[in-house]
Every structure is written in C-alpha cells, then in structure tokens.
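# Results of the structural survey
For reference, the chains in residue letters:
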Amino acid sequence: QVQQVESGGGWVQPGGSVILSCVAAGNIFRINAMAWYRQLPGKSLELVANVSSEGTTNVEDSLKGRFTITSDNAKNTVYLRMNSLESEDTAVYYCYADAWASVSGAYHWSEYWGQGTQVTVSS
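Residues numbered from 1 in each chain as written. Predicted model: local features only at pLDDT ≥ 70, side-chain atom pairs only at ≥ 80, totals over all residues. Heavy atoms only, no water.

Here the focus is the nonpolar core. Nonpolar side chains in soluble globular proteins tend to be buried together. Core analysis: the biggest nonpolar cluster contains 31 residues, and Trp 36, Val 48, Phe 67, Val 78, Leu 80, Met 82 and Tyr 93 have the highest contact counts within it. Mapped onto this core, the elements with two or more residues apiece are strand E3 (18–26), strand E4 (28–39), strand E5 (45–52), strand E7 (67–72), strand E8 (77–82), strand E9 (91–103) and strand E11 (117–121). At 6 residues, the largest contribution of residues to this core is made by E9. In this structure Phe 67 touches Arg 38, Val 48, Val 59, Leu 80, Arg 81, Met 82, Asn 83, Leu 85, Asp 89 and Tyr 93, once residues within four positions along its chain are discounted. (Core = buried A, V, L, I, M, F, W, Y, C linked by side-chain atoms within 4.5 Å. Buried < 20%, exposed > 50% of the residue type's maximum accessible area, 1.4 Å probe, protein only. Helix = DSSP H or I, 4+ residues; strand = E, 2+ residues; numbered from the N terminus. Contact = heavy atoms within 4.5 Å.)

Here is the structure:
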C-alpha cells in the first residue's frame, strides 16, 4: 500500500547539522500524522517529534531547541532538522505515518514505517 522512503542519514561531526527526509508513496488518500522516532544503541524506540495533518508540530522536551520537524503535505514528505548534534544523538532514525490508503476501491487505515536511516555523530 504505502511505502515510506527515508534519506539524509550518514556521518556528521559533533556540533553539525543534518536534515532527514521521508516521503510517503503509494495510493494515499490522507495522512493523519507523521513522526520521527529513533533507536539509540542498546535502547528501545523513542519518539523524537511529530506533526499533525494540520501542521501542528511537537518535539520531545529533551530535544527542543535542537530538533525541528516540518512537513510538506503536497509532497507527502516529513523532514527532521537536527542541529548541534552530539554523539548521544547517534541512532537509527525511523519515520512514521498513519494514513488512509485506497485499496481495491475501499479506504484502509494503517501505520507505516520507514526503513530506518543511521545517523552517526563522531569526530
């Protein structure tokens, strides 16, 4: 049904910035919300930020001021800008969406995940 493809991960120097992108493709009727999660080494998945279909954004308290989530509804794309990166930000980052998709003439709601992209912060 819906595929989410992430890009923008890689290596970055401490103090640097990166922008992650995630585009949803497929027979999408409507995306209700999109979000970014991350999984730190040896840790469980944690929410980073989310954005509603109305454009309302939220960033987890510990990351506010450094991370920014934005979306482009026309492109079904969500972005995560990360500034002042620290080694502790090293993780696999996953995009998320819950959306309605058109399948065989009917609409079905489900949750979708990107493939994950590694962000490594080190010298």
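Okay, the sheet that holds E8 next. Remark on secondary structure: sheet strands pair via backbone hydrogen bonds, oriented parallel or antiparallel. Taken together, 4 strands build an open sheet; the order of strands is E1-E3-E8-E7 and the sheet is antiparallel. With one partner strand each, in any of the chains shown, strand E1 (2–7) and E7 form the two edges of the open sheet. Here the strands of the sheet are splayed against their neighbours by 15° on average, with no regard to which way each runs. Two elements, E1 and E3, share 6 bridges in a ladder whose sense is antiparallel. Bridge pairing links Val 2 to Gly 26 in E3. (Pairing = 2+ DSSP bridges. Axes fitted to C-alpha atoms, helices over the stretch in contact; angles between N-to-C directions.)

This part is about the side chain of Gln 4. Topologically, Gln 4 is positioned in strand E1. A relative accessible area of 4% means that Gln 4 is categorised as buried. At a separation of 3.3 Å, a polar atom in the side chain of Gln 4 contacts the main-chain carbonyl oxygen of Tyr 112. Residues contacting Gln 4, with those up to four places away along its chain left out, are Cys 22, Val 23, Ala 24, Met 34, Cys 95, Tyr 96, Ala 97, Tyr 112, Trp 113, Gly 114 and Gln 115. (Polar contact = N/O pair within 3.5 Å; in protein donor to acceptor, adjacent residues only side chain to side chain.)

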